[in-house]
Amino acid sequence: MKVLIAGGAGYIGSHCVKIMSEQGYDVVTVDNLSTGHQGAVKGKLYVGDIRDEAFLDDLFKKEKIDAVIHFCAKSLVGESMEKPLEYFDNNVYGTLVLLKAMAKANVKKIVFSSSAAVYGEHKEMPITEEYSTNPTSTYGESKLMMEKMMKWAEIAHGFNYVSLRYFNVAGAYPDGSIGEDHRPETHLIPIILQAALGKRDYVKVYGTDYPTPDGTCIRDYIHVVDLIDAHIKALRYLLKGNKSEIFNLGSQDGYSVLEIIKVAREVTKIDIKQVNSERRPGDPAKLVASSEKIGRILCWKPKFGIKEIIRDAWLFHKTHPNGYEK
Ligand code: UDP
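Residues numbered from 1 in each chain as written. Predicted model: local features only at pLDDT ≥ 70, side-chain atom pairs only at ≥ 80, totals over all residues. Heavy atoms only, no water.

### Quick word on the overall build of the chain
Move 1: Along its length, the chain carries ten helices and 13 strands.
Move 2: A compact globule built from 326 residues should have a C-alpha radius of gyration of about 20 Å, and the chain, at 19 Å, falls within 12% of that.
Move 3: Structurally, the chain occupies a C-alpha span of about 55 × 45 × 40 Å along its principal axes.
Move 4: Within the chain, buried positions represent 55% of all 326 residues.
Move 5: At a minimum sequence separation of 6, the contacts of the chain that also span at least 24 residues come to 78%.
Move 6: As displayed, the chain has an accessible area near 14400 Å², and 51% of this comes from carbon and sulfur atoms.
Move 7: Charge-centre separation for the chain: the mean point of 43 positive side chains lies 3 Å from the mean point of 42 negative side chains. (Helix = DSSP H or I, 4+ residues; strand = E, 2+ residues; numbered from the N terminus. Rg over C-alpha atoms; globule rule 2.2 N^0.38 Å. Buried < 20%, exposed > 50% of the residue type's maximum accessible area, 1.4 Å probe, protein only. Contact = heavy atoms within 4.5 Å. Areas by Shrake-Rupley, 256 points an atom, 1.4 Å probe, with all protein chains shown as cover. Lys, Arg positive; Asp, Glu negative; His and termini not counted. Charge placed at Lys NZ, Arg CZ, Asp CG, Glu CD.)

Written out as structure tokens, the structure is:
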């Protein structure tokens, strides 16, 4: 049983490589190292771009792959609005070339990362998979296009896929050996922990006038280890011959920005400074997943709560104050 992890040097992909290797899966990684880190990958790594068809064809000839887990993507909402064509090239065209190479090699099972960004703005929470999709960013649109490509590839070529619509992923492997190191960092929890380490003076709170109990945005945070557990369950589900599905991947618990800062102060025992700031364009007030479907069909439920998420991220940050840089 050999699994190709596309994007396995990135934050989420590297956790997948480590956890699946530990569980005895034979995994092979492909990554162009544009945002990923070689030091995060344990095991066999092919350095190359999934948009390079000849490179992928060669890889599928060398390795007898049974299934693919696909994490390769550019994933910054703000950047996607400034560089939409780069996002379509990287995320949509990259997936297209990957699917073509898979079809040629007769590899027809794929689990891939989608996003809550496919939904756009909704008032009623929690969000179920039946909600309409109306992305408000190029990033969300690129993920929706990937899902649609899978749907038609299933009909024409017999692919089976699971699309996992992530909410907010955070945390790190509990031994602190790998974790989140984005350049630049835009995500709330690593930014708070960088402030705790003194690498930033304060955390900016983007908007305090949202229609939420404390005025700050509410998000649904999920531990990266729980997230990978869902990918492994999705893979097993496909390997049993089950039909393609789309699942939300969130905890169904929402926390505001101020609540996250409070928990981070408790975990780190550091009085992290905050400064109230303007809203960040494009941020919906509240995003919380319904996790009913994934619980029912994949028997998945999160094991880690917000304290453990921040505790494990903190261990990685403390032990890697400069990320993967030596
Ligand atoms: N946020 C913030 N300050 C920061 C980074 C993020 O107040 O320095 C807020 C952001 O506005 C959002 C929440 O924290 O409401 C989570 O943002 P993040 O970028 O981590 O994830 P997103 O929800 O955008 O995918």
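### Quick notes on helix α8 (residues 257–268)
Move 1: In a regular helix each residue adds 1.5 Å, so twelve residues correspond to 16 Å; α8 covers 16 Å between its end C-alpha atoms and thus fits that length.
Move 2: Of the residues making up α8, those classed as buried are Val 257, Ile 260, Ile 261, Val 263, Ala 264 and Thr 268. Each buried residue of α8 lies within a common arc of 165° when the element is viewed along its axis, so the set occupies one face.
Move 3: Along its buried surface, α8 packs onto α6 (188–196), β8 (203–206), β10 (221–223), β12 (255–256), β13 (274–277) and α10 (306–319). (Expected span 1.5 Å × (residues − 1). Arc of directions from axis to C-beta.)

### Overview of the pattern of salt bridges
Move 1: Summed over all chains, the structure comprises 25 salt bridges.
Move 2: Its salt-bridge partner being Asp 209, residue Arg 279 comes within 2.9 Å of it at the nearest N-O pair. Here the residue Arg 279 occupies a position in the loop between β13 and α9 (292–298), and Asp 209 occupies one in the loop between β8 and β9 (218–219), the gap between them amounting to 70 residues.
Move 3: Between Lys 303 and Asp 229 there is a salt bridge, with the nearest N and O atoms lying 3.5 Å from each other. (Salt bridge = Lys/Arg side-chain N within 4 Å of Asp/Glu carboxyl O.)

### Topic: the site of the ligand
Move 1: Near the ligand lie 14 residues; those nearest to it are Leu 188, Lys 204, Arg 219, Arg 280 and Asp 283.
Move 2: Bound to the protein, the ligand loses 88% of the 510 Å² it would expose on its own.
Move 3: Going through the elements one at a time, α6 and β8 are the ones with two or more residues in the shell around the ligand.
Move 4: When residues of the shell around the ligand are assigned to their parent elements, the largest contribution, three residues, is made by β8.
Move 5: Residues of the shell around the ligand, tallied by class, amount to seven nonpolar, three polar and four charged. (Near = heavy atom within 4 Å. Nonpolar A, V, L, I, M, F, W, Y, C, P; charged D, E, K, R; others polar.)

### Examining unusual backbone geometry
Move 1: Residue Met 125 is joined to Pro 126 through a cis peptide bond whose omega torsion reads 0°.
Move 2: For Pro 126, the position within the fold is in the loop between β5 (109–115) and α5 (138–157).
Move 3: For the peptide bond that leads from Arg 183 to Pro 184, omega is -5°, which places it in the cis range.
Move 4: Its location among the elements puts Pro 184 in the loop between β7 (168–170) and α6.
Move 5: Even without being a glycine, Gln 252 presents a positive backbone phi close to 75°.
Move 6: Take Gln 252: it is sitting in the loop between β11 (245–249) and β12.
Move 7: For Gln 252, a relative accessible area of 37% corresponds to the partly exposed category.
Move 8: Notably, Cys 299 is not glycine yet its phi reads approximately 55°, a positive angle.
Move 9: Note that Cys 299 resides in the loop between α9 and α10.
Move 10: With a relative accessible area of 58%, Cys 299 lands in the exposed category.

### Some thoughts on the sheet that holds strand β6 (residues 160–166)
Move 1: In space, the seven strands of this open sheet follow the order β3-β2-β1-β4-β5-β6-β11, with parallel pairing throughout. Of all strands in the sheet, those bounded by a partner on one side alone are β3 (44–47) and β11. Each neighbouring strand pair of the sheet contributes to a mean axis angle of 20°, computed without reference to strand direction. (Pairing = 2+ DSSP bridges. Axes fitted to C-alpha atoms, helices over the stretch in contact; angles between N-to-C directions.)

### Let's talk about the pairing of strand β4 (residues 67–70)
Move 1: Here β4 shows a buried face lined by Ala 67 and Ile 69 and a second buried face lined by Val 68 and His 70.
Move 2: As defined by bridge partners, strand β1 (residues 2–6) adjoins β4 across four bridges and the pair is classed as parallel. Each residue of the ladder has a partner; that of Val 3, found in β4, is Ala 67.
Move 3: In the sheet, β4 pairs with β5 via three bridges, with the strands oriented parallel.

### Focus on the side chain of Glu 147
Move 1: When you line up the elements, Glu 147 lands in helix α5.
Move 2: Of the polar contacts made by the side chain of Glu 147, one reaches the side chain of Arg 165; its length is 2.6 Å.
Move 3: Every residue in contact with Glu 147, bar those within four places of it in the chain, is listed here: Phe 112, Ser 114, Tyr 161, Ser 163, Arg 165 and Ile 246. (Polar contact = N/O pair within 3.5 Å; in protein donor to acceptor, adjacent residues only side chain to side chain.)

### Quick word on the environment of Ala 40
Move 1: Turning to its location among the elements, Ala 40 is positioned in the loop between β2 (26–31) and β3.
Move 2: Using a relative accessible area of 2% as the deciding quantity, one classes Ala 40 as buried.
Move 3: Residues Ala 40 and Pro 302 lie 262 residues apart in sequence; the distance between their C-alpha atoms is 24 Å.
Move 4: With residues near it in sequence (within four places) discarded, Ala 40 still touches Ala 9, Ser 14, Ile 178 and Tyr 324.

Treat this as a map of the structure, not an account of what it does.
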